Amino acid sequence: MEQKVMKDTTNLQNHKTGGFFNRVERIGNKIPHPFILFIYMIAFLFVVTALLSVFHVSASDPISGEKVEVQNLLSREGIQWILPNMIKNFSGFLPLGSILALMLGVGLAEKVGLLEVLIRKMSLKVSGKYASYLVVFVAFFSHVSSDAALVIMPPLGALIFLAVGRHPVAGLLAAIAGVGSGFTANLLIVTTDVLLSGISSEVAKGMNANLTVNVTDNWFFMATSVLVLTVVISLITDKFVEPRLGKYEGGGQHKKLEQLTKLQNKALLATGISALIFIAVMAVLVVPEGALLRNPETGAILPSPFMSGIVAIILLFFFTVSITYGVKVGAIKKQNDIPELLVDPIKGMAGFIIMVFPLSQFVACFNWSNMGKFLALSITDLLEQLNIEGAPVLIGLMFLSGLLSMFIASGSAIWSILAPVFVPMFMVLGYHPAFAQMLFRVADSSVLPLAPVSPFVPLFLSFLQEYRKDAKLGTYYSLILPYPIIIFIIWTLLVVVWYFLGLPIGPGIYPKLP
């Protein structure tokens, strides 16, 4: 998305508290460009799969009892799979299409001036002192849109901070922490709850046919986590991250927010009406029993065509309000203006698209070779052989969850691998499977902004480069690293306190089985 502010000439301040993170930046910036880095990772993966395959190393699936072997990427079958699928791996990489589609909508809103006016209007009523709390809380609430939040919120966080006279990079990082490290913490029931509870229920039935994990079984804990983490992330931003950034010296430095013109206010009113009409139409398509966008088999909203099509719905919403505003203020005078305004937002995504090509190949090769499942099963086999019980099981689940998220981008895929091992283990120890699921969510979510295989890390880097042209991967990691570390510690302490106080983690659900 095109930004009015293109660079920040400041360097990180050399506070004593930032010495470690400054070293992280210096070391990290020596790492090759992500494009080259993923090529090296692919080459390394080829060698590892060949060695494991030659020596017939395998792991046992605890459910089926079958051996899971690594498929050799350098074998005849591997080469025959790679070449025909290389373009398909790239074009079919799901996050790429979703991100580009959303950037079309957000980019159009930015080009017609809607985002700027909305943020100005909001910022006139918000003190810069509380900007962090606003950005982070909205970031948590945006989780209802699932992965779309990871695309929309970070640049908006930067713009809000800039509008109130604060460092835009601090706003960017606060939003990334809210939508990334706090991804599974929600005030509402969202698709994450549906996916994970479905996996947990299927596994739990193998131990107790009458026991199910419902979508609300983590709700009390996760809703409380939103409030706790909003304060934590805001304090990290205000007391540690922003002071390290120093004074922002890029263009567009805040001086005094101007009041909106009559034309802008009239355009906003028309935009608000168009937004209400859009929402009313969607309500008609979703709310009534048997509505068009409900699940055709069960009649439920979760899951349903509405939830699976949420990215397209958000895109249509952005188009609706942006075109309305653009027409009213004169930014759109004829229909051909719309595609012309969409060109620059996609141009700004060129660097991200380039980085996604090797990333998509690595993810596809990793999946085809069975390396993800092999790694997970090998480590869980080791834990079982060591006959670990009690607290080490809880720690082991959290450690594995965080570790595997570094190599597998999908949280539901990781839980599909871990649940068959840890859910029965937890149930044998007297813990509810929803408690095991909750521990997984805490660990997996905390480290999300650090995951090198995540398609959003290159995206976050591209957002950062809008304000710091010289930013590299090391710069990004040094700036974001305090959030996952502190969030993981505080969130884990919250789990401990919750457990010892004997509080329910969801309606009628406690960590221990009745």
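All values derive from a computational prediction rather than experimental measurement.

**Q** For the overall build of the protein, give the residues involved together with the corresponding values.
**A** Each helix and strand counted, the protein has 23 helices and two strands in total. Relative to the 2.2 N^0.38 estimate, which gives 24 Å for 514 residues, the radius of gyration of the protein is 24 Å and therefore close to what a compact globule would have. Dimensions along the principal axes, computed over C-alpha positions, put the protein at roughly 70 × 55 × 50 Å. Taking contacts inside the protein between residues at least 6 apart in sequence as the whole, the part at least 24 apart equals 80%.

**Q** Now, about a nonpolar patch on the surface: what can you tell me, with residues and values included?
**A** Side chains of Val47, Leu51, Val54, Phe55 and Val57 sit close together on the surface and give an oily, nonpolar patch of about 470 Å² of accessible area. Mapped onto the secondary structure, Phe55 falls in the loop between helix H2 (34-54) and strand S1 (58-60). For Phe55, a relative accessible area of 62% puts it in the exposed group.

**Q** Let's hear about H2: which residues, and what values?
**A** Taking 1.5 Å of rise per residue, the 21 residues of H2 would be expected to cover 30 Å, and the 30 Å separating its terminal C-alpha atoms lies within 8% of that figure. Buried within H2 we find Pro34, Phe38, Ile42, Leu45, Phe46, Val48, Thr49, Ala50 and Leu52. Of the residues flanking the end of H2, it is His56, one or two places downstream, whose phi is positive at about 55°.

**Q** Would you mind going over the environment of Asn89 in detail, with residue names and values included?
**A** Tracing the chain through its elements places Asn89 in helix H3 (residues 76-91). Between the C-alpha atom of Asn89 and that of Ala451, which follows or precedes it by 362 residues, the distance is 20 Å. Ignoring sequence-local partners within four residues, the contact set of Asn89 consists of Trp81, Ser360, Gln361 and Ala364.

**Q** Can you explain the confidence of the model for the protein? Please cite residues and give values.
**A** Where the model shows low pLDDT, its predicted coordinates should not be examined in detail. When the pLDDT values of the protein are averaged, the result is 85; 91% of them are 70 or greater. pLDDT under 50 marks residues 1-10. Its contacts with residues more than four places away, or in other chains, come to 49 contacts.

**Q** So what about the packing of helix H8 (residues 168-181) against helix H22 (residues 473-480)? Which residues, and what values?
**A** Interhelical geometry of H8 versus H22 gives an angle of 70° and a closest axis separation of 10 Å. Between H8 and H22, the crossing angle belongs to the class labelled roughly perpendicular. Residues Val169, Leu173 and Ile176 of H8 lie in contact with H22, whose contacting residues are Tyr476, Leu479 and Ile480. Partitioning the contact of H8 with H22 into residue classes produces six nonpolar, no polar and no charged.

**Q** I'd love a proper account of the nonpolar core, names of residues and values included.
**A** Core analysis: the largest hydrophobic core is formed by 161 residues, its most contacted members being Phe221, Trp415, Phe426 and Tyr483. Sort the elements by how many residues they give to this core and helix H7 (residues 148-163) lands first, with 13 residues. Residue contacts for Tyr483: discarding those within four places in its chain leaves Ala170, Leu173, Ala174, Ala177, Ile233, Ile236, Thr237 and Val241.

**Q** How would you sum up the pattern of salt bridges? Please name residues and give values.
**A** Under the defined criterion, the tally for this structure stands at six salt bridges. Note that Asp344 and Lys111 form a salt bridge whose closest N and O atoms lie 3.2 Å from each other. One end of the pair, Asp344, is in helix H15 (residues 343-347); the other, Lys111, is in helix H4 (residues 94-111), with 233 residues separating them in the sequence. A relative accessible area of 31% means that Asp344 is categorised as partly exposed.

**Q** Got a sec to walk through H22? Specific residues and values, please.
**A** H22 sits mainly inside the fold: eight of its eight residues count as buried. Among all positions in H22, only Leu473, Gly474, Thr475, Tyr476, Tyr477, Ser478, Leu479 and Ile480 are buried.

**Q** I'd like a rundown of the packing of aromatic side chains, residues and numbers included.
**A** Applying the stated rule across the entire model yields 18 aromatic pairs. On the numbers, 5.2 Å between centres and 70° between planes, the contact of Phe90 with Phe357 is edge-to-face. Residue Phe90 is found in helix H3, and its partner Phe357 is found in helix H16 (residues 350-368); the two are separated by 267 residues along the sequence. Judged by relative accessible area, which is 29%, Phe357 ranks as partly exposed. A centroid spacing of 5.3 Å and a plane angle of 85° characterise the contact between Phe221 and Trp498, whose relative ring orientation is edge-to-face. Of the two residues, Phe221 is situated in helix H10 (residues 219-245) and Trp498 in helix H23 (residues 482-501); the sequence distance between them amounts to 277 residues. Trp498 matches Phe221 in its accessibility class, with the two residues each being buried. Each residue in the set Phe426, Tyr431, Phe435, Tyr499 and Phe500 is aromatic and connected to the rest through ring pairs, giving one cluster. Above the face of the Tyr431 ring, Lys512 is positioned so that its terminal group lies 4.4 Å from the ring centre.

**Q** Describe the side chain of Ser197, listing the residues and the values that go with them.
**A** Its location among the elements puts Ser197 in helix H9 (residues 191-204). In this structure Ser197 comes out as buried when scored by relative accessible area, which is 4%. Within the structure, the side chain of Ser197 is placed 2.6 Å from the backbone oxygen of Asp193, a separation counted as a polar contact.

**Q** Which residues make up unusual backbone geometry, and what are the values?
**A** Non-glycine residue His56 carries a positive phi angle of around 55°. Within the element layout of this structure, His56 appears in the loop between H2 and S1. Positive phi values are uncommon outside glycine, yet Asn370 reaches one of about 70°. One can find Asn370 in the loop between H16 and helix H17 (371-385).

**Q** Could you give me a rundown of the environment of Thr216, with the residues and numbers involved?
**A** Its place among the elements puts Thr216 in the loop between H9 and H10. Along the primary structure Thr216 and Pro507 are separated by 291 residues, whereas in three dimensions their C-alpha atoms are 6.9 Å apart. Once you skip the residues sitting within four places of it in the chain, Thr216 turns out to touch Ile189, Gly506 and Pro507.

**Q** Lay out the environment of Phe20 in plain terms, naming residues and giving numbers.
**A** If you trace the backbone, Phe20 turns up in helix H1 (residues 19-28). Separated by 458 residues in sequence, Phe20 and Ser478 have C-alpha atoms that sit 8.6 Å apart.

**Q** Before we move on, could you go through the packing of H7 against H8 and cite the residues and values that matter?
**A** Where H7 contacts H8, the axes come no closer than 7 Å and their chain directions differ by 150°. Between H7 and H8, the interaxial angle falls into the category roughly antiparallel. In the packing of H7 onto H8, the handedness of the crossing is right-handed. Across from Ala149, Leu150, Met153, Pro154, Pro155, Gly157, Ala158, Phe161 and Leu162 in H7, the residues of H8 making contact are Pro168, Ala170, Gly171, Leu172, Ala175, Ile176, Val179 and Gly180. When its residues are assigned to classes, the contact of H7 with H8 shows 14 nonpolar, three polar and no charged.

Basis of the calculations
- Residues numbered from 1 in each chain as written.
- Predicted model: local features only at pLDDT ≥ 70, side-chain atom pairs only at ≥ 80, totals over all residues.
- Heavy atoms only, no water.
- Helix = DSSP H or I, 4+ residues; strand = E, 2+ residues; numbered from the N terminus.
- Rg over C-alpha atoms; globule rule 2.2 N^0.38 Å.
- Contact = heavy atoms within 4.5 Å.
- Patch = residues over 30% accessible without salt bridge, like charges linked within 9 Å, V, L, I, M, F, W, Y side chains within 5 Å.
- Areas by Shrake-Rupley, 256 points an atom, 1.4 Å probe, with all protein chains shown as cover.
- Salt bridge = Lys/Arg side-chain N within 4 Å of Asp/Glu carboxyl O.
- Buried < 20%, exposed > 50% of the residue type's maximum accessible area, 1.4 Å probe, protein only.
- Expected span 1.5 Å × (residues − 1).
- pLDDT = per-residue confidence, 0-100.
- Axes fitted to C-alpha atoms, helices over the stretch in contact; angles between N-to-C directions.
- Parallel < 35°, antiparallel > 145°, perpendicular 65-115°, else oblique.
- Nonpolar A, V, L, I, M, F, W, Y, C, P; charged D, E, K, R; others polar.
- Core = buried A, V, L, I, M, F, W, Y, C linked by side-chain atoms within 4.5 Å.
- Phe/Tyr/Trp six-rings, centres within 6.5 Å; stacked < 30°, edge-to-face > 60°.
- Lys NZ or Arg CZ within 6 Å of the ring centre and 35° of its normal.
- Polar contact = N/O pair within 3.5 Å; in protein donor to acceptor, adjacent residues only side chain to side chain.
- Left-handed = near helix turned anticlockwise from the far one by under 90°.

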